[in-house]
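# A structural walkthrough
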Amino acid sequence: EPSSFLRQRFTTELAWDITDRLSWSGEYEWEGWDREHRQGDRSVENKVGTFISYKPTKGLQTKLNYRYADRTPQDYDPGVLENQSLRMYDQSKRLRHDLDFQWQWVVRPGLGLSGTFGYMSDDYDQNFFGLVKYIERYGSVDFIYNPRENTTLYANYAREHYNSTLQSIAKTAVPFDLRNRWNREDRNVYDSFGAGLTTYLAGNKWYLDVQYAFGFGSDRMTTANLSAPSPSNVLNALASPFPDAKSRYHELNLDTSYQVSDNVALGVRYIYEPYRLDDWQWNNLGPYGVDFLAPENDGRRYLILDSRYTSHNAHVVGVYVRFGR
């Protein structure tokens, strides 16, 4: 049956400017869920946070944020179709730690640096099957430079790291045999780099914007049995290794325009985007066999879902007219 929910939130905050350079704020939030036709009818989450802003010098600003959250379901009924020890991650017991640090430094007029670092972890009840651990780490550095009033150079680098742990059990044995358990660890790392130039030439009539971005990611999944599976369920309960999945992404963006009059500018934009994906889940998966359909079913009009999961080269060209200045 269609599911529905009632979500209620209450938040209170206290802020204190300790000095001109140091400030602090604290926050408390209560959140309640009442669900219909879901496993967890009701859950309550309490969240507390603390935030510190510090400016040691005129050009340097820092901010530290931390939040802690405790979500507890008051009722949970897995039903009769799933293992009684299975828990949906969006309704189960969860403890969350969320920390991020931000900084911004104006080295001198026209030259600036900034960055961020973050860490978040979700801990679920390890006595149940499903997602039991999720960790997210990320960091980035940004650079901006204005050698002159109408020219900007910028660059950035970011790294994202995700880890998750999933506890599973084979469903082929009834009742479920605890020997047929395994864990899956998923490790995903993504690095991205970008750089660009924006400037005006020919007496500020010619506008030029050049951007380049590059990203590469890797996904590694490892599995391990907690004990030797039962001999009759080896096919479904034996942990198997997975190949790594890798992706490469490039984007070149060129945008230029010329001010032909005080109120009219003509421009051209070009984007080139090569993408490469090596993923065992999709490498040998072909689209729906439209060539084998009956003659009365014209497969050319079908929209095949998930067709985007493949390598590609994309070219986008645009011409525009801009009015006003």
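In this numbering scheme, every chain counts its residues from 1 along its sequence in written order. Given that the model is predicted, a residue must reach a pLDDT of at least 70 before its local features are reported, and side-chain atom pairs must reach 80 or more before they are shown or counted; all residues, however, enter totals for whole chains, interfaces and linings. Side-chain numbers here rest on the full set of heavy atoms in the structure, without hydrogens or water.

## A closer look at the overall build of the chain
Runs of E in the DSSP output that reach at least two residues are strands. Runs of H or I that reach at least four are helices, and both are numbered from the N terminus. Along the chain, the regular secondary structure elements total one helix and 13 strands. Ordered by position in the sequence, the α and β elements of the chain form the string β-β-β-β-β-β-β-β-β-β-α-β-β-β. Scaling as 2.2 N^0.38, a compact globule of 325 residues should have a C-alpha radius of gyration of about 20 Å, whereas the chain reaches 27 Å, well beyond that. Along the three orthogonal principal directions, the C-alpha set of the chain runs to about 80 × 75 × 40 Å. Residue burial is assigned from relative accessible area. The probe radius is 1.4 Å, only protein chains are included, and a residue is buried under 20% of its type maximum, exposed over 50%, and partly exposed in between. Counting only residues that meet the buried cut, the chain has 27% of its 325 residues in that class. Our radius of gyration is a C-alpha quantity, and the globule rule it is checked against amounts to 2.2 Å times the number of residues to the power 0.38.

## Some details on the packing of aromatic side chains
Pairing of aromatic side chains here covers Phe, Tyr and the six-membered ring of Trp, requires ring centres within 6.5 Å, and sorts the geometry by plane angle: under 30 degrees stacked, over 60 edge-to-face, intermediate tilted. Across all of its chains, the model carries four aromatic pairs by this definition. Taking 5.2 Å as the distance between ring centres and 50° as the angle between the ring planes, the aromatic pair formed by Tyr-200 and Tyr-207 counts as tilted. Ring plane angle 35° and centroid distance 5.3 Å describe the contact between Phe-214 and Phe-216, whose orientation is recorded as tilted. Looking at Phe-216, the relative accessible area reads 30%, which means it is partly exposed.

## Description of the layout of surface pockets
Think of a 1 Å grid over the protein atoms and nothing else: a 1.4 Å probe that fits but is trapped marks a cavity, an open set flanked by protein within 12 Å on at least five of seven lines marks a pocket, and residues with an atom within 4 Å of a point count as lining. Grid points are joined across faces, edges and corners, and a volume is the space filled by probe spheres set on the points. What the largest pocket holds in volume is close to 360 Å³. If you trace the largest pocket, you find 22 residues lining it, with Glu-31, Trp-33, Glu-45, Lys-47 and Arg-94 closest to the centre. Going through the elements one at a time, strand 1 (4-17), strand 2 (22-36), strand 3 (42-57), strand 4 (60-75) and strand 5 (94-108) are the ones with two or more residues in the lining of the largest pocket. Ranked by residue count, the leading element in the lining of the largest pocket is strand 2, at five residues. The residue inventory of the lining of the largest pocket, partitioned by class, reads five nonpolar, three polar and 14 charged. Polar here means any residue outside two lists: the nonpolar Ala, Val, Leu, Ile, Met, Phe, Trp, Tyr, Cys and Pro, and the charged Asp, Glu, Lys and Arg; Gly therefore counts as polar.

## Concerning the pattern of salt bridges
Counted as salt bridges are all cases of a side-chain nitrogen of Lys or Arg within 4 Å of a carboxyl oxygen of Asp or Glu. A full pass over the atoms with the stated rule returns 15 salt bridges. Between Glu-29 and Arg-9 there is a salt bridge, with the nearest N and O atoms lying 2.9 Å from each other. Linking Glu-29 in strand 2 with Arg-9 in strand 1, this pair joins segments that are 20 residues apart in sequence. Accessibility expressed as a relative area gives 51% for Arg-9, which makes it exposed. The salt bridge involving Asp-70 is made with Lys-93; its shortest N-O contact spans 2.7 Å. Taken together, the residues span a long stretch of sequence, with Asp-70 in strand 4 and Lys-93 in the loop between strand 4 and strand 5 at a distance of 23 residues.

## Topic: the pairing of strand 10 (residues 206-225)
By definition, two strands form a pair when at least two bridges between them are found by DSSP. Across 20 bridges, the pairing between strand 9 (residues 181-201) and strand 10 is antiparallel. From the neighbouring strand, Asp-186 faces strand 10, where its bridge partner is Met-221. Linkage of strand 9 to strand 10, two consecutive antiparallel strands, is achieved through a turn of four residues, within which Ala-202 is found at a positive phi near 50°. Sheet topology places strand 10 next to strand 11 (residues 245-259); 14 bridges connect them, and they run antiparallel. Within strand 11, the residue paired with Leu-208 across the bridge is Thr-256.

## Considerations on unusual backbone geometry
Positive phi, normally seen in glycine, also occurs at His-37, with a value near 65°. Secondary-structure assignment places His-37 in the loop between strand 2 and strand 3. Looking at His-37, the relative accessible area reads 47%, which means it is partly exposed. We note that Ala-202 has phi near 50°; this positive angle belongs to a residue other than glycine. Checked against the element boundaries, Ala-202 lands in the loop between strand 9 and strand 10.

## With respect to the pairing of strand 8 (residues 151-169)
With 16 bridges joining them, strand 7 (residues 130-148) and strand 8 adopt antiparallel strand pairing. Along strand 8, the bridge assignment pairs Gly-139 with Arg-159. Here strand 7 folds back onto strand 8, and the loop between the two strands holds two residues.

## Describing the side chain of Asp-255
Assignment of secondary structure puts Asp-255 in strand 11. In the analysis that follows, any N or O atom pair within 3.5 Å is treated as a polar contact, provided that within protein one partner can donate a hydrogen and the other can accept it, and provided that, for residues neighboring in sequence, both atoms belong to side chains. Of the polar contacts made by the side chain of Asp-255, one reaches the side chain of Arg-269; its length is 2.8 Å. In what follows, a contact means two residues having at least one pair of non-hydrogen atoms within 4.5 Å. Discounting chain neighbours no more than four positions away, the residues touching Asp-255 are Tyr-207, Leu-208, Asp-209, Val-268, Arg-269 and Tyr-320.

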